[in-house]
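# Commentary on secondary and tertiary structure
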Amino acid sequence: MLQDVKRLKNSLLPGGFVSLLLLGFAFVLFFTLFLSQDDASVAQLDSRVFSLLKFTLYQAFLSTLLSLLVGLALAWSLAHQSNFKGRSLLVALFSSSLVLPTLIVVFGLISVLGRNGWVNQLSLYLFDHSFGSYLYGLTGILVAHVYLNASFASRSLLHVFESIPKEKYKLAKSLNFTAFQRFIYVEWPALRTTLLSIASTIFLLCFTSFAIVLVLGGSPAYNTLEVAIYEAVKLEFDIAMALKLALIQLVMTTLLVLFSSNFRTSVGNVRTSALYIPWSETKYVKRFQVAIIGLFSLFFILPLLAIIVDGLGAEFTRILTEPLFIKSFFTSIGLATVSSILTVLFAIFLSDTKRNFILGHRLPSNTFSKVLNTIVSFSGNLYLAVPSLIMGLGFFLLSQTYEAPIAVWSTIALLTANVLMSLPFALAILAPVMQKTGQRYDKLVFSLNLSSLQRWVYCEYPYLKSSIGYVFALSFCFSLGDLGIIALFGSDDFLTLPWYLYQLMGSYRTSDAAGVALILLAITLCVFILLPRLFRSSVAKDN
Amino acid sequence: MMFNPIRTLFLILLFSIASFASDTRPTLTIYTYDAFAVSWGPGPKIKEAFEKEYDCNVKFVGLSSSIGALRKIQLEGKNTKADILLGLDTNIAQAANKTGLFAKHDLNTSNLDLPVPYTDEYFVPYDYSYVAFVYNENKVKNPPTSFEALAAMPEDFKIVIQDPRSSTPGLSLLLWVKEIYKEKAGEYWKRLSPHILTITKGWSESYGLFLKGEADMVLSYTTSPAYHIIEENRTNFKSARFNEGHYGQIEVAAMLNSSKHKDLAKKFLQFMHSETFAEIIPTANWAYPVVKTKEGLPKVFETLTQPSKMILLDGKTVEAHRKEIINEWLRALER
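All values derive from a computational prediction rather than experimental measurement. (Residues numbered from 1 in each chain as written. Chains lettered and ligands numbered in written order. Predicted model: local features only at pLDDT ≥ 70, side-chain atom pairs only at ≥ 80, totals over all residues. Heavy atoms only, no water.)

What follows deals with the overall build of chain A. Across its full length, chain A carries 23 helices and zero strands. Scaling as 2.2 N^0.38, a compact globule of 543 residues should have a C-alpha radius of gyration of about 24 Å, and chain A matches this with 24 Å. Judged by the C-alpha coordinates and their principal axes, chain A covers about 75 × 70 × 50 Å. Going through the 543 residues of chain A one by one, you find that 59% of them count as buried. A sequence separation of at least 24 residues applies to 83% of the contacts in chain A between residues at least 6 apart. By element, 68% of the accessible surface of chain A is carried by carbon and sulfur atoms, the whole surface being about 22,900 Å². (Helix = DSSP H or I, 4+ residues; strand = E, 2+ residues; numbered from the N terminus. Rg over C-alpha atoms; globule rule 2.2 N^0.38 Å. Buried < 20%, exposed > 50% of the residue type's maximum accessible area, 1.4 Å probe, protein only. Contact = heavy atoms within 4.5 Å. Areas by Shrake-Rupley, 256 points an atom, 1.4 Å probe, with all protein chains shown as cover.)

Let us look at the confidence of the model for chain B. Residue-level pLDDT values for chain B average 88, and 93% of them are 70 or greater. With pTM at 0.84, the complex prediction returns an ipTM value of 0.76. (pLDDT = per-residue confidence, 0-100.)

The subject of this paragraph is the interface of chain A and chain B. Contact residues are listed per partner, giving 44 residues for chain A and 43 residues for chain B. Buried area between chain A and chain B, both sides added, is near 3,900 Å², and the carbon and sulfur share of it is 57%. Ionic pairing is found between Glu231(A) and Arg165(B), a salt bridge with its closest N-O pair at 2.6 Å. For the pair chain A and chain B, the number of links is nine residue pairs in polar contact (both at pLDDT 80 or more). Going through the elements one at a time, helix H3 (47–80), helix H11 (225–234), helix H15 (323–358), helix H18 (388–401), helix H19 (406–448) and helix H22 (497–506) of chain A are the ones with two or more residues in the side of chain A that touches chain B. Looking at side-chain class alone, the side of chain A that touches chain B contains 20 nonpolar, 14 polar and 10 charged residues. (Buried area = accessible area lost by both parts, 1.4 Å probe. Salt bridge = Lys/Arg side-chain N within 4 Å of Asp/Glu carboxyl O. Polar contact = N/O pair within 3.5 Å; in protein donor to acceptor, adjacent residues only side chain to side chain. Nonpolar A, V, L, I, M, F, W, Y, C, P; charged D, E, K, R; others polar.)

Residues and elements named next belong to chain B. Taken across its 13 residues, strand E5 (residues 124–136) has 13 buried, putting it largely inside the fold. Here E5 runs beside strand E10 (residues 246–256); their pairing, made up of six bridges, is antiparallel. Residue pairing for E10: Asp 127 is matched across the bridge by Glu 251. Sheet topology note: the E5/strand E11 (residues 288–289) ladder contains two bridges and is antiparallel. Each bridged residue has a counterpart across the sheet, and for Asp 127 the counterpart in E11 is Pro 289. Relative to strand E8 (residues 217–221), E5 runs antiparallel, the two being bridged by five bridges. Along E8, the bridge assignment pairs Phe 133 with Leu 219. With three bridges connecting them, E5 and strand E9 (residues 237–239) associate as antiparallel partners. Bridging from a neighbouring strand, Asn 136 pairs with Phe 237 of E9. (Pairing = 2+ DSSP bridges.)

What follows covers empty space enclosed by the protein. One pass over the structure, following the stated rule, counts five cavities of 30 Å³ or more. Roughly 780 Å³ of internal volume is contained in the largest cavity. Lining the largest cavity are 34 residues, with Thr102(A), Leu205(A), Tyr383(A), Met421(A) and Asp482(A) positioned closest to its centre. Of all the elements in the fold, those that place two or more residues in the lining of the largest cavity are helix H7 (138–162), helix H9 (179–207), helix H10 (211–216), helix H17 (382–385), H19 and helix H20 (452–481) of chain A. Considered class by class, the residues forming the lining of the largest cavity number 22 nonpolar, 10 polar and two charged. Considered as a void within the structure, the second largest cavity measures approximately 490 Å³ in volume. What lines the second largest cavity is a set of 33 residues, among which Tyr33(B), Ala35(B), Trp203(B), Tyr221(B) and Asn285(B) lie closest to the centre. Elements with a minimum of two residues in the lining of the second largest cavity: helix H2 (34–37), E5, helix H7 (168–181), helix H9 (203–211), E8, helix H10 (224–232) and E10 of chain B. (1 Å grid on protein atoms, 1.4 Å probe; cavity = no way out; pocket = protein on both sides within 12 Å on 5 of 7 lines; lining within 4 Å. Points joined across faces, edges and corners; volume = space filled by probe spheres on them.)

Okay, the confidence of the model for chain A next. Here chain A shows a mean pLDDT of 84. Residues at 70 or above account for 92%. Note on residues 264–271 of chain A: pLDDT is under 50 here. Beyond four places in sequence and across chains, it has 21 contacts.

Our next topic: the nonpolar core. In this structure, Met391(A), Leu393(A), Phe133(B), Phe147(B), Leu150(B) and Trp189(B) are the most contacted members of the largest nonpolar core, which totals 273 residues. Counting residues per element, this core draws most heavily on H19(A), which supplies 16 residues. Those residues within four positions of Leu150(B) in sequence are excluded, and the remaining contacts are Phe133(B), Pro144(B), Phe157(B), Ile159(B), Tyr188(B), Leu192(B), His195(B), Met217(B) and Phe242(B). Residues Leu28(B), Phe50(B), Ala103(B) and Ala253(B) belong to the second largest nonpolar core, which totals 31 residues. (Core = buried A, V, L, I, M, F, W, Y, C linked by side-chain atoms within 4.5 Å.)

Residues and elements named next belong to chain B. Tracing the backbone shows Thr 293 in the loop between E11 and strand E12 (310–311). For Thr 293, a relative accessible area of 15% puts it in the buried group. Engagement of the side chain of Thr 293 in a polar contact is seen with the backbone nitrogen of Gly 296, the distance being 3.1 Å. Other than its neighbours up to four places away in sequence, Thr 293 contacts Glu 275, Ala 278 and Glu 279.

Let's shift gears to the UniProt feature "domain: ABC transmembrane type-1" (unreviewed entry) in chain A. The UniProt record annotates "domain: ABC transmembrane type-1" (unreviewed entry) at residues 53–258 and 329–531 of chain A. Its end C-alpha atoms 19 Å apart, residues 53–258 of chain A is made of 77% helix and 0% strand. (UniProt positions renumbered as here; feature names shortened; annotations may be inferred.)

The subject of this paragraph is helix H2 (residues 9–36) of chain A. The terminal C-alpha atoms of H2(A), which comprises 28 residues, lie 39 Å apart, in line with the 40 Å expected from a rise of 1.5 Å per residue. Every buried residue of H2(A) is listed here: Ser11(A), Leu12(A), Gly15(A), Val18(A), Ser19(A), Leu22(A), Phe25(A), Ala26(A), Leu29(A), Thr32(A) and Leu33(A). (Expected span 1.5 Å × (residues − 1).)

For the rest of this paragraph, the subject is the packing of H3(A) against helix H4 (residues 87–95) of chain A. Residue and element names in this part refer to chain A. In contact at an axis separation of 11 Å, H3 and H4 are set at 155° when each is read in the N-to-C sense. Judged by the angle between their axes, H3 and H4 are roughly antiparallel. For H3 against H4, the interelement crossing comes out left-handed. In contact with Leu 74, Leu 78 and Ala 79 of H3, H4 contributes Arg 87, Val 91 and Phe 94. Residues belonging to the contact of H3 with H4 are distributed by class as follows: five nonpolar, no polar and one charged. (Axes fitted to C-alpha atoms, helices over the stretch in contact; angles between N-to-C directions. Parallel < 35°, antiparallel > 145°, perpendicular 65-115°, else oblique. Left-handed = near helix turned anticlockwise from the far one by under 90°.)

This is the structure we're talking about:
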């Protein structure tokens, strides 16, 4: 055993170090939070806290349910309508919802569904009837959550549909099943487990939703715990209250993460394989499926179109020369670059270490290595249990204790949050691929006695290249679009593009906001589409 | 590139040295709400006038709301760059005072042209107005004339208001309702809540939503319509006159204990009572100045809603009950 460890030290140590660093960070964070609460302030839970918790759970439950229903219907329709034009484009577009900045989505939704939005204007023009304002409050929150999560869910579910053995379909067809029977007996059993893990992920995302609730909630009645923490710090400077809420939030998210215990929502498989299901639908089922695809596509594309249309009318010469824009642009790009590089490095180190504990020929598999594997995985998935506002609060308290320019603290806080936010996704994508290369090349590498560097250059990189490109793009976009910690630390001296956009939206400079929204959308989509292309590799097609 | 704190510190140092070298005049930094600081607000005009009179730079930093500006100062503590906080009102000034961050002004404020007598050792008033709901006459034919009428409007009649925890007009509305409904205030808020489209952090955001047509009425001031008349030549914006009287808002400013330019800061507070300042206020901040000018107010101001009386609670009373009034409001809005 010791011999093995010695031989593998180059593979074990970097990941172990990163893992320790992450856990150490978590420890400091918790320590700070617990130290900062004074006994007097944590009074008994008042009714306000309960109603916050109640609403947070309620909206997360509804959001999850709706997202799953819509996502399932969409995936089912897409799976059975595999031969229309533009399908792969649509699917690729839906998968971009993962990286769309939430604030952009909110902006687009207001343009389309707001009181003066496209839908109401059209309805006024055609029928002289306005649906009024419905986008603020619970409806708005649900609509935005479904927008982001249903498309995300449909992507993973479509993959399940397509991986159902075709023989099963053939058998079902020979038994003369209806579409409904087919769903119940053939498709549902395959979907069930994936559905459960997607549900837990969406629930967690909605439970800690911040930007959407902040902008569309519109009233303290629709606050989630996350927003309430923000308000306690920023509106009331009531740190004791913020801490109390943060601790409740931490307990809840930890329970949720433990309960769901897995984060395998196959974010790695974004490319659809478009395997044809050997079953042509009856006329009515087909119409139904086409209607679902059409409606959801409209729902998904119109807000993006609205951003483009509104944005093109903006005065770009003025926006681009605005000092605050320039500052936020460079801060955002800088932070996104640094944090995506760090994410890729951390994820590679962690996956490298992880495979030692999984592959039996590297280290003997026993309880010890299982525990270590869990610890390493846990350190990478830390962020799931620690929402960004709590992390922000931790950093905020640290910044109050240890004096340094606020810009320094803000940079550290944002970088940490961005890296932690992307790590779970990065790990989910890179770890399986690295495990595979381990299986494939270990014997060869060990027998040729290649150094770590040689191994990396000749074996790992060619296979990992495309996955790395995807992780890079993903974490870059996550970082670029995040409106979490920056909401606590943002100021005119230190701001990112989403924060700047939030400020513009808040000061009724609608045309400038539209311009900035378009710029942010353009950067996000460009990075998300182009970066993986740069890393495309011929070897790694099958990953 | 790894983040390097030492290099960042060095760069910051370098930049600050460079900026010192290029300009030896002191810079007076004033934190305020964004509508005051923006290019079309009073900020730039006041900056120009003050810089001409006293050899210095004035830097307005606009935050989403004035209470937001106060919170920023609290977050920054003694390291704050602010010399002056401008834009709080008498309702929240006591809360600000409790932080111990502000310095006494030593000015005589007893001769000011205010509807109520004013004495406060820390905060200096610079303008006042009345909180009111503003609507578009072309769209709202029968504006409400009281809080009862407001609650009785049809279901789809929507208003935007501001969060009393972050915005001074928002807090004023809360106190206005409290003063009229006393212990039934919570019950009134429950009745009003279906009409509340959204609650924004600051005034600008609300007003923006209203102008975009998202709501029928917005919580603003009796003097807001003057803006549309003078700047845009539009007379269709009015403020609803409520029979119960209107809550008054006296906006104040104070200098910080940690300020490195206290003399200059005091000169600025004094300057707020000059005729130059008073002439800028009505047509830039759209409120009544606290000193009379030779020219008097612009004619348009005569057409504005004149409240039957000014309701204004004493700052100390407000501070004693603020938290419980806000909690009552929060509970009333729960569903």
